[in-house]
Amino acid sequence: MTYYFYQTDRQTKMSLKKYPSCSIFRLLGFFFMGFLAALVFSGVIPNYSEDDWLSNPLYYLICRWCSKLLYVCGAILGVYLVANIGEIRCSLRQPFMGCLFSLPWVFIGDGNVTMAPLLAGLSTKFKGLQWQQVEHVSKDDKTKFIFDITGYCLASITWIFLIFIGLYFNATVVVDDERIPLRLALSNFLKSDVWIRTKDSLYQLYKIYSHAGWKRMYSDAKHLFDLSGEGNAYRLLELSKSASQKEINKQCRILSRQYHPDRQKDQEEKVKAQEKFIEIQKACNTLSTERSRRAKSSSRSEDKNTRMKSDPFRKRTDL
């Protein structure tokens, strides 16, 4: 039913207007996305300077012209993407024609590179928009869905790849008030002692856990970062980790009586005592749960070892 009303509304719009109108938001999207895509595309070419012209004129000219050519291509693609959002469609012809008229501004001298997305957007607004002929697609048509998702993923990967290339070639970092290209800084970092020691440490960890099992890695991380809250519970109860279960129960009773809200007369002190009382109860439950889980795990391990010793030819998959 919703699809029927949607199609009826579209047919009404198409009968009233031969060509769809371009809203101000779509027009701004032309300029913004065209400019952004142009920057991303042109960023894959390393920055050139006037010194390159003196040292290597051919390199300077190639970088300069390729950068501007990619800038124009990015502007065309950015405008094209925005123009094809929703119920409106556009071909590459109109953005291309707009950028074609911007070539004198882009390539002559330093040029005004903003003219490419500007003229591409205006050309698309006045001549390039058409109604999309939508046909009902069955919900069972999984092929189109997979095709669309694949296209979106590839487009996203391409965008991210281009952005990283642009940062690698053109970004700089400031070290002691001196700008150093990011690619040179990364190269120096990969040769530094810090990275070499880090790489060796990671390799040693990989060998240890590949031999001991990756579950051991999770167990060590859980213990190191106190994911279960056991370490915090010991600190809250003012106990050492070697305390027995009897000592834990005794300390829980003492602190529970000490911080019980009913023992406080002042209202403010009663609120603070209640918060502390709740924390103590949670800590006691945490220690009880962790110790019980550890005891069960140890019991299962002992049973497995006992069965293995009694029947050494038994397969591990039978355990």
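Everything numeric in this text was worked out from a predicted model, so none of it was measured. (Residues numbered from 1 in each chain as written. Predicted model: local features only at pLDDT ≥ 70, side-chain atom pairs only at ≥ 80, totals over all residues. Heavy atoms only, no water.)

What describes two packed helices is the angle between their axes and the distance between those same axes. Packing of helix α9 (residues 193–212) against helix α10 (residues 214–224) leaves a shortest axis separation of 6 Å and a crossing angle of 115°. Considered as vectors, α9 and α10 are oriented roughly perpendicular to each other. Across the interface between the two elements, Tyr-206, Tyr-209, Ser-210 and Ala-212 from α9 touch Trp-214, Arg-216, Met-217 and Asp-220 from α10. The class makeup of the residues in the contact of α9 with α10 is 5 nonpolar, 1 polar and 2 charged. (Axes fitted to C-alpha atoms, helices over the stretch in contact; angles between N-to-C directions. Helix = DSSP H or I, 4+ residues; strand = E, 2+ residues; numbered from the N terminus. Parallel < 35°, antiparallel > 145°, perpendicular 65-115°, else oblique. Contact = heavy atoms within 4.5 Å. Nonpolar A, V, L, I, M, F, W, Y, C, P; charged D, E, K, R; others polar.)

This brings us to the state of the cysteines. Applying the stated rule across the entire model yields 1 disulfide. Each disulfide pairs two cysteine sulfurs, and for Cys-252 the partner residue is Cys-284, the sulfurs being separated by 2.0 Å. Disulfide Cys-252-Cys-284: the torsion about the S-S bond is -115°, which places it as left-handed. Linking Cys-252 in helix α12 (residues 245–258) with Cys-284 in helix α13 (residues 267–310), this pair joins segments that are 32 residues apart in sequence. One exposure class covers both Cys-252 and Cys-284, and it is buried. (Disulfide = S-S within 2.5 Å. Buried < 20%, exposed > 50% of the residue type's maximum accessible area, 1.4 Å probe, protein only.)

Turning to the side chain of Glu-290, a few remarks are in order. Along the chain, Glu-290 turns up in helix α13. At 2.9 Å, the side chain of Glu-290 and the side chain of Arg-293 are in polar contact. Those residues within four positions of Glu-290 in sequence are excluded, and the remaining contacts are Lys-222, Ser-228 and Glu-230. (Polar contact = N/O pair within 3.5 Å; in protein donor to acceptor, adjacent residues only side chain to side chain.)

Take the confidence of the model for the chain next. With 79% of its residues at a pLDDT of at least 70, the chain reaches an overall mean of 77. Within the chain, helix α1 (residues 2–16) has the poorest average pLDDT of any element, 53, and α12 the best, 89. A low-confidence stretch, residues 1–7 (pLDDT under 50), is modelled with 5 contacts involving residues beyond four sequence positions or located in other chains. Predicted confidence for residues 315–319 stays below pLDDT 50, and this span has 3 contacts to residues more than four positions away or in other chains. (pLDDT = per-residue confidence, 0-100.)

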